[in-house]
Amino acid sequence: MMGEIDSCTRLTGLFGHPVGHSLSPLMHNRAFQELGLPYLYAAFDIEPSNIASAVESIRALGLRGVNVTIPHKVAVMPFLDEIDEEARQIGAVNTIVNENGRLIGYNTDGRGYVQSLIEEGNINPPDARVLMLGAGGAARGVSLALLRAGVERVVITNRTYAKAEQLAVELTQLFPGRDIRSIPVEQIACEIKESTLLVQTTSIGMHPDNEASPIPAEYLHSRLLVSDLIYNPLQTRIQRDALAAGARIHSGVGMFIYQGALSFEYWTGRKAPVHIMREAVLASLTADK
Ligand code: ATR
């Protein structure tokens, strides 16, 4: 049972634009309730022009902290008192913690991803040979987190090759000595044979394009774990193809749940009830169908 909402209730929430479809309020409120913690999580739709005053309001209103999502993850950074080293490396903040008026920015997306990969995908990062599809913001965050977790080899490919090349150069500067490369998409067929973890970070296959896949089904093989950051649909075309090829799959819903769990732990100091959070999210995603 959640305690009564009273004068001791601590407020957390989400800063985004739009926020109407976010599952974070449901997930966090269910988790607070499960542990009987006097917290509430609300969604705040913040126009980009209001982001500075919104961050200031965390201090003014005494919010315990917030999650930050599109389009504010970079924009909030100048208004914080401190930015954690990992968030600085990623160049974006998805979690703010208010420590007695001092606002600290963290990024739990990449770490959440790796944690879900380890726990749900049964992967030992140092052994994984990664092929990354896409070179945008998500690919950058996930690659950094994988490298921080000890991955030795990351090969990046992207429709716009120059972006893959640029990301590979940047990651090599941060992690010299690792095997980090970019390849044009024409070389996927050969590279994938050497890979054990395929990370799909593009928007291909996202609802309503449920039948689209970024690579031909015949490239997939049984030594692969196919991880897709998309979680709507819950199983993407590439994941269905992967199962048919005898490969294992890892769902994007894990990243969402674990990034939330890490934020929850920053705000409450308590271990997040991950199973309850997953149950709430999955129930909502399948109810939508
Ligand atoms: P995110 O933050 O989700 O990573 P992003 O930074 O806009 O979003 O990156 C989107 C990624 O999906 C890019 O790698 C993009 O490829 P380009 O750099 O060539 O644009 C990729 N992507 C999106 N739609 C695609 C499509 N139809 N075919 C191939 N790649 C696509």
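How each quantity is defined
Residues numbered from 1 in each chain as written. Predicted model: local features only at pLDDT ≥ 70, side-chain atom pairs only at ≥ 80, totals over all residues. Heavy atoms only, no water. Near = heavy atom within 4 Å. Polar contact = N/O pair within 3.5 Å; in protein donor to acceptor, adjacent residues only side chain to side chain. Areas by Shrake-Rupley, 256 points an atom, 1.4 Å probe, with all protein chains shown as cover. Nonpolar A, V, L, I, M, F, W, Y, C, P; charged D, E, K, R; others polar. Helix = DSSP H or I, 4+ residues; strand = E, 2+ residues; numbered from the N terminus. Expected span 1.5 Å × (residues − 1). Buried < 20%, exposed > 50% of the residue type's maximum accessible area, 1.4 Å probe, protein only. Pairing = 2+ DSSP bridges. Contact = heavy atoms within 4.5 Å. Axes fitted to C-alpha atoms, helices over the stretch in contact; angles between N-to-C directions. Core = buried A, V, L, I, M, F, W, Y, C linked by side-chain atoms within 4.5 Å. Salt bridge = Lys/Arg side-chain N within 4 Å of Asp/Glu carboxyl O. Domains from an automatic or database assignment. Buried area = accessible area lost by both parts, 1.4 Å probe.

Caption draft 1: Just the site of the ligand, in detail. What surrounds the ligand is the set G134, A135, G136, G137, A138, N158, R159, T160, K163, T202, S203 and I204. A distance of 2.8 Å separates an oxygen atom of the ligand from a polar atom in the side chain of R159. Compared with its free state, where it exposes 640 Å², the ligand has 61% of that area covered by protein. Grouping the amino acids of the shell around the ligand by side-chain chemistry returns 3 nonpolar, 7 polar and 2 charged.

Caption draft 2: Region of interest: helix α10 (residues 274-287). A rise of 1.5 Å per residue sets the reference length of α10, with its 14 residues, at 20 Å; its end C-alpha atoms lie 20 Å apart and thus fit the reference within 8%. Taken together, the buried positions of α10 are V274, I276, M277, A280, V281, S284 and L285.

Caption draft 3: Layout of the sheet that holds strand β4 (residues 82-83). If you walk across this open sheet you meet the 6 strands as β2-β1-β3-β5-β6-β4, and the pairing is mixed. Every other strand in the sheet has two partners, leaving β2 (39-45) and β4 as the edge strands with one partner each. Pairing of strand β1 (residues 10-16) with strand β3 (residues 65-68), which is carried by 4 bridges, proceeds in the parallel orientation. Paired with L14 across the strands is N67, a residue of β3. Taken strand by strand, helix α2 (residues 51-61) contacts β1, β3, β5 (95-99) and β6 (102-106), and its axis lies near 170° from that of β1.

Caption draft 4: Focus on the nonpolar core. Counting residues in hydrophobic clusters, the biggest one holds 30 residues, and the most contacted among them are Y113, V130, L146, I156, L197 and V199. Those elements that provide at least two residues to this core are α4 (109-121), β7 (129-133), α5 (137-148), β8 (153-157), α6 (161-174) and β10 (197-200). Among the elements that make up this core, the one with the highest residue count is α5 (6 residues). With 24 residues, the next largest nonpolar core counts I104, Y258, F264 and A272 among its residues.

Caption draft 5: Looking closely at the pattern of salt bridges. Enumeration over the complete set of coordinates arrives at 18 salt bridges. Note that E194 and R129 form a salt bridge whose closest N and O atoms lie 4.0 Å from each other. Linking E194 in the loop between α7 (188-191) and β10 with R129 in strand β7, this pair joins segments that are 65 residues apart in sequence. The closest approach of N and O atoms between E265 and K271, which form a salt bridge, is 3.6 Å. Classification of E265 as partly exposed rests on a relative accessible area of 23%. What makes K271 exposed here is its relative accessible area of 62%. Among the ionic contacts, a cluster of salt bridges with common partners joins R153, D179, R181 and E191.

Caption draft 6: Summary view of the domain arrangement of the protein. Split by domain assignment, the protein resolves into domain 1 (10-107 + 255-287) and domain 2 (110-251). Between the C-alpha centres of domain 1 and domain 2 there is a distance of 26 Å. Of the residues lining the interface, 16 residues belong to domain 1; the matching set on domain 2 comes to 19 residues. Both faces considered, domain 1 and domain 2 share a buried interface measuring about 1,700 Å² in area, 55% of it formed by carbon and sulfur atoms. If you look at where domain 1 meets domain 2, you find 3 salt bridges. Residue E86 is joined to R111 by a salt bridge in which the shortest nitrogen-to-oxygen separation is 2.8 Å. Inspection of the domain 1/domain 2 interface yields 8 residue pairs in polar contact (both at pLDDT 80 or more). Counting residues per element, the ones that place at least two in the side of domain 1 that touches domain 2 are α3 (85-90), α9 (253-268) and α10. Element by element, the count of residues in the side of domain 1 that touches domain 2 is highest for α9, at 6 residues.

Caption draft 7: View of the environment of A261. Locating A261 in the fold gives a position in helix α9. Sequence-wise, A261 and A31 are 230 residues apart; in three dimensions their C-alpha atoms are separated by 9.0 Å. In this structure, A261 is in contact with A272, V274 and M277, ignoring residues within four places of it in sequence.

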